[in-house]
Amino acid sequence: MAKSPSRRGGDSDTQVITRSKTKTQKPSLYKVLLMNDDYTPMEFVVHVLESVFNKTSEDAYTIMLHVHTKGVGVCGVYTFEVAETKLSEVMDMAKQDGHPLQCTMEPA
């Protein structure tokens with residue numbers, strides 16, 4: 001006859017069930033950039049920054065001046081889908097008003 005395992009020592013009939021945790025990865029971020037040109041009025045750029053990127057008047061003016069003097073400026077950092085939508089909004093606004101304003105996005 002076989003002996004049953006002793007309950008006192010390290011031997012037991014219990015099994016440990018482990019669950020593996022799934023780690024979620026944060027989405028990649030993208031910078032939305034405005035490019036300077038010699039034809040788009042500064043007021044229009046400020047309007048775009050205020051309406052599309054929800055910047056205050058002061059922030060919009062500061063970014064516009066940075067774009068004007070440096071040639072390019074960051075409007076904001078967003079997930080891919082949001083950055084793509086904002087870029088599309090800027091390009092549509094510029095096209096509707098007949099301005100050659102260019103906007104791009106790149107990984108942050």
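Look a little higher up for the structure.
Residues numbered from 1 in each chain as written. Predicted model: local features only at pLDDT ≥ 70, side-chain atom pairs only at ≥ 80, totals over all residues. Heavy atoms only, no water.

Student: Which residues make up the pairing of strand β1 (residues 29–35), and what are the values?
Tutor: Two elements, β1 and strand β2 (residues 72–79), share seven bridges in a ladder whose sense is antiparallel. From the neighbouring strand, Leu33 faces β2, where its bridge partner is Val74. Sheet analysis places β1 next to strand β3 (residues 102–107), joined by six bridges and oriented antiparallel. Bridge pairing in β3 places Leu34 opposite Cys103. (Pairing = 2+ DSSP bridges. Helix = DSSP H or I, 4+ residues; strand = E, 2+ residues; numbered from the N terminus.)

Student: Residues and numbers for the packing of aromatic side chains, please.
Tutor: With the rule as written, the count across this model stands at two aromatic pairs. Ring centres 5.2 Å apart and planes at 70° place the aromatic pair Tyr30 and Phe80 in the edge-to-face group. Taken as a pair, Tyr30 in strand β1 and Phe80 in helix α3 (residues 80–97) lie far apart in primary sequence, 50 residues in all. (Phe/Tyr/Trp six-rings, centres within 6.5 Å; stacked < 30°, edge-to-face > 60°.)

Student: Explain helix α1 (residues 42–52) to me, using residue names and the numbers behind them.
Tutor: Considered for burial, the residues of α1 that qualify are Phe44, Val45, Val46, Val48, Leu49 and Val52. Against the buried residues of α1 lie β1, α2 (57–70), β2 and α3. With its phi angle positive at about 55°, Asn54 sits one or two positions after the end of α1. (Buried < 20%, exposed > 50% of the residue type's maximum accessible area, 1.4 Å probe, protein only. Contact = heavy atoms within 4.5 Å.)

Student: Just give me the short version of the sheet that holds β2, but keep the residues and values in it.
Tutor: Reading across from one edge, β2-β1-β3 is the order of the three strands in this open sheet, with antiparallel pairing throughout. A single partner strand is all that each edge strand has here, and the edge strands are β2 and β3. Across the sheet, the mean angle separating the axes of adjacent strands is 25° when strand polarity is ignored. Together, β1, β2 and β3 form the strand contacts of α3, whose direction differs from that of β3 by roughly 170°. (Axes fitted to C-alpha atoms, helices over the stretch in contact; angles between N-to-C directions.)

Student: If you had to explain the side chain of Lys86 to someone new, which residues and values would you point to?
Tutor: Structurally, the position occupied by Lys86 is in helix α3. Although buried, Lys86 forms no salt bridge, and the nearest oppositely charged side chain, Glu89, lies 5.4 Å from it. (Lys, Arg positive; Asp, Glu negative; His and termini not counted. Salt bridge = Lys/Arg side-chain N within 4 Å of Asp/Glu carboxyl O.)

Student: Before we move on, could you go through α2 and cite the residues and values that matter?
Tutor: A rise of 1.5 Å per residue sets the reference length of α2, with its 14 residues, at 20 Å; its end C-alpha atoms lie 20 Å apart and thus fit the reference within 8%. Residues of α2 that are buried include every one of Ala60, Ile63, Met64 and Val67, and no others. Taken end-on, α2 shows its buried residues confined to a sector of 100°, consistent with a single buried face. For α2, exposure combined with an orientation more than 90 degrees from the buried face picks out Glu58, Thr62, Thr69 and Lys70. Summarising the contacts, the buried residues of α2 are in contact with β1, α1 and β2. Gly71 sits one or two residues past α2 and shows a positive phi near 95°. (Expected span 1.5 Å × (residues − 1). Arc of directions from axis to C-beta.)

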